[in-house]
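# Overview (structure and organization)
What follows is each chain in one-letter form.
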Protein chains: 2
Amino acid sequence: MGHVTFPVVGMVGGGQLARMTHEAGIPLGIRFKLLSDTPQDSAAQVVSEVVVGDHRDLETLRAFAQGCDVITFDHEHVPTGHLRALEADGIPVRPGPDALVHAQDKGVMRARLGEIGVPCPRHRIVADPADVTRFAEEGDGFPVVLKTVRGGYDGKGVWVVSGEAEAAEPFKAGVPVLAEEKVDFARELAANVVRSPHGQAVAYPVVESIQVGGVCDTVIAPAPGLSGALSAQAQELALTVAKELGVVGHLAVELFETRDGRLLVNELAMRPHNSGHWTQDGAVTSQFANHVRAVLDLPLGDPRPRATWTVMANVLGGDYPDMYAAYLHCMARDPQLKIHMYGKDVKPGRKVGHVNTYGDDLADVRERAAHAAGYLRGTITE
Amino acid sequence: MGHVTFPVVGMVGGGQLARMTHEAGIPLGIRFKLLSDTPQDSAAQVVSEVVVGDHRDLETLRAFAQGCDVITFDHEHVPTGHLRALEADGIPVRPGPDALVHAQDKGVMRARLGEIGVPCPRHRIVADPADVTRFAEEGDGFPVVLKTVRGGYDGKGVWVVSGEAEAAEPFKAGVPVLAEEKVDFARELAANVVRSPHGQAVAYPVVESIQVGGVCDTVIAPAPGLSGALSAQAQELALTVAKELGVVGHLAVELFETRDGRLLVNELAMRPHNSGHWTQDGAVTSQFANHVRAVLDLPLGDPRPRATWTVMANVLGGDYPDMYAAYLHCMARDPQLKIHMYGKDVKPGRKVGHVNTYGDDLADVRERAAHAAGYLRGTITE
């Protein structure tokens, strides 16, 4: 007889990414410990060992980290200094603070990507609205994209301004503001890769990401019509970023594909990412399973697709709170539909789940995903 | 804004079936409440809401059932009378006691299958060792299989006896003993079906189950070389049993394929079953997800296979307690390997996990599963 001593992964943040990472860790026998803002958070509903506390408080983090073999994250909001303190305490933090800062601070990210020769939109830190006008005049003029370097997500912290008069708002938070050219892109892509401390890395097929109102609506895997050359370039670019920035775990590189066939980096995320949710049902190894494997320095799983096409559609909160009632119609209509709900209260526009569909006929696969997401939201009623 | 009120499934029993059913319920946003013998049970490690208590105690069951929308099971050991009491309290019990008794009592099962014309091995209840000899003489003689009608699983409660002198042991428990002919089978098959209260049912591909020492070792989906006619017959037989016995949820029908091409029912299980573990990675909808959907009376998911061949191999406890260390070699050797561990202490011969492999080449798929299971157990060291 013997006692099996499997590692404990400490997950900071109780959102849906933590929930789905826990789900992916169960088959591996990995123990999860969760630091959650509230006992009702998405992941807290399904994890056995939950600590309720504030991830911005160093002593809370230190106490939480006791008994964890590694710390990883549902989000990028833990202060860099706190992560360094945990490392100094001897707790492996993956991704580590030197990598994660590039996903926390868009100014640091842009500067570093420039150093390693990764193509980005034209950009610089701007001081005030008049400086925004100068930035516009240095290029093709307005519109200009303004971003606070910290704190933004899902379109928050991002403004598209047509002139100096509109440029005051971003400066009000007292956070440095980054100006970027408004890229005339053909579409948005995402290159998802996972890297282990050993330096092993895997690249998922490059996907197309369709945004509505600044929020991801649909992801198509692989990106339809993407040339082999551009696909390989996107994967290599993401693998380069992961290596040069020392990323451990999942890295999502959001890209613009320009109308003249170039790739420019839009954003980085160092955690499982909405553009990788399709992998739960569409890849041999999901992004969540590979993130767990990476942070534990286990060999990574096969990232290849299991279907010709996989489509993910986000389920946003609508006017009808009872999404469960919608299951009857969705499941009866499409017995192959894969529903992933997050246990969140419905608020209009909030991401409360997603669906995955797959098959050989892209039009059919897209229609099924869009129908289910719309029906769950309440915008489609038949 | 609105509050999402998803149902609560009360799961009685904290074993690996409960663990994997919880895993399958997470994407559906289903809340799980677990009644577990100890806080360390397989499922208790990964479920948020755990009640520790004895499933044989009616008041414990009644208190547990408060707040549950439906009760289902990890095992078949809850007394039938307790289930009737819960139903009288207004709690849906799925499968219900009138169905479940057929999986609890082999005497009841054999009698009922006879009534509905389902082929079984020759059998009858025997009174004592002398009666076993009479049973043998009524057919082709010894050996005879003896089974206590209640309490057996994984080869426990089953004896193969060559003569009257060996027939005393089964009677010592004071439980009725069922005698069955020793079937000269070509191989063992399993037909897995899922049925909802509405009466919707789905049938998984019929699988071959390879037993070693009375314990399931390997499952091959679909059963190699099985004729279309026999496959359809097995599925129809299982669907008939599910309907006639009023099963709700997953039903596994273990079958003997005789050397002369007949099917005989060996055992029934009314819960997710070892012969259906391959569906986690090999079917569009896993047996666990469909069990959840069935007990909630949701439309069932597509049971069709996703790969040409899927093989499941059980991981039994061996001499080396540290199975986690074996992950490195197994994952590096086969990036497509799917490991499912149960969080159980390693004891020699105990089922502590399983692996799934899939692909187009059956020999390769079998080799990969057997290697991984053997390496995790410690019987293969390279």
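Residues numbered from 1 in each chain as written. Chains lettered and ligands numbered in written order. Predicted model: local features only at pLDDT ≥ 70, side-chain atom pairs only at ≥ 80, totals over all residues. Heavy atoms only, no water.

An unreviewed UniProt entry lists chain A under the name N5-carboxyaminoimidazole ribonucleotide synthase, from Streptomyces lycii. Heading Pathway (unreviewed entry) of the UniProt record for chain A holds this comment: "Purine metabolism; IMP biosynthesis via de novo pathway; 5-amino-1-(5-phospho-D-ribosyl)imidazole-4-carboxylate from 5-amino-1-(5-phospho-D-ribosyl)imidazole (N5-CAIR route): step 1/2." (UniProt positions renumbered as here; feature names shortened; annotations may be inferred.)

The next point concerns the UniProt feature "binding site: ATP" (unreviewed entry) in chain A. All names here are of chain A. Look at the UniProt record and you will see "binding site: ATP" (unreviewed entry) annotated at K106, K147, E180, E181, K182, V183, E188, N266 and E267. Of note, K182 is situated in the loop between strand 8 (177-181) and strand 9 (185-195). Within the element layout of this structure, E188 appears in strand 9. The exposure class assigned to E188 is buried, which follows from its relative accessible area of 12%. When near neighbours in sequence (up to four residues on either side) are disregarded, E188 contacts V207, E208, S209, Q211, L255, F256 and N266. (Helix = DSSP H or I, 4+ residues; strand = E, 2+ residues; numbered from the N terminus. Buried < 20%, exposed > 50% of the residue type's maximum accessible area, 1.4 Å probe, protein only. Contact = heavy atoms within 4.5 Å.)

Attention now goes to helix 6 (residues 129-138) of chain A. All names here are of chain A. When we look at burial in helix 6, the residues that qualify are D131, V132, T133, F135 and A136. Those residues of helix 6 that are buried lie in contact with strand 5 (123-126), strand 6 (144-148), strand 7 (158-161) and strand 8. The opening residue of helix 6 is D128, an N-cap whose side-chain oxygen sits 3.2 Å from the backbone nitrogen of A130. (Polar contact = N/O pair within 3.5 Å; in protein donor to acceptor, adjacent residues only side chain to side chain.)

Turning to the sheet that holds strand 4 (residues 70-73) of chain A, a few remarks are in order. Residues and elements named next belong to chain A. Pairing is parallel in the open sheet, where 4 strands are placed in the order 3-2-1-4. Each edge of the sheet is formed by a strand with only one pairing partner; in this case those strands are strand 3 (49-52) and strand 4. Shown here is a sheet whose adjacent strand axes are inclined to one another by a mean of 25 degrees, direction ignored. Along the sheet face, helix 2 (residues 58-65) touches strand 1 (8-12), strand 2 (31-36), strand 3 and strand 4 and points at about 165 degrees away from the line of strand 2. (Pairing = 2+ DSSP bridges. Axes fitted to C-alpha atoms, helices over the stretch in contact; angles between N-to-C directions.)

Right, let's talk about the packing of helix 2 (residues 58-65) of chain B against helix 3 (residues 80-88) of chain B for a bit. All names here are of chain B. One way to put it is that helix 2 packs onto helix 3 with a least axis distance of 10 Å and a crossing angle of 35 degrees. Once helix 2 is placed against helix 3, the crossing between them reads as right-handed. Here L58, L61, R62 and A65 of helix 2 lie close against helix 3, whose contacting residues are H82, A85 and L86. Classifying every residue of the contact of helix 2 with helix 3 by side-chain character gives 5 nonpolar, 1 polar and 1 charged. (Left-handed = near helix turned anticlockwise from the far one by under 90°. Nonpolar A, V, L, I, M, F, W, Y, C, P; charged D, E, K, R; others polar.)

Our next topic: the relation of the copies chain A and chain B. Rotating chain A by 180 degrees about the axis while translating it 0.0 Å along that axis superimposes it on chain B, leaving an RMSD of 0.0 Å. In the structure described here, the two chain copies are related by an operation that fits a two-fold rotation axis. Minimal C-alpha distance to the rotation axis in chain A is attained by A:S48, lying at 2.1 Å. In this assembly, 100% of the residues forming the interface of chain A have copies in chain B that are likewise at the interface, indicating an isologous arrangement. (Least-squares fit on C-alpha atoms with pLDDT ≥ 70 in both.)

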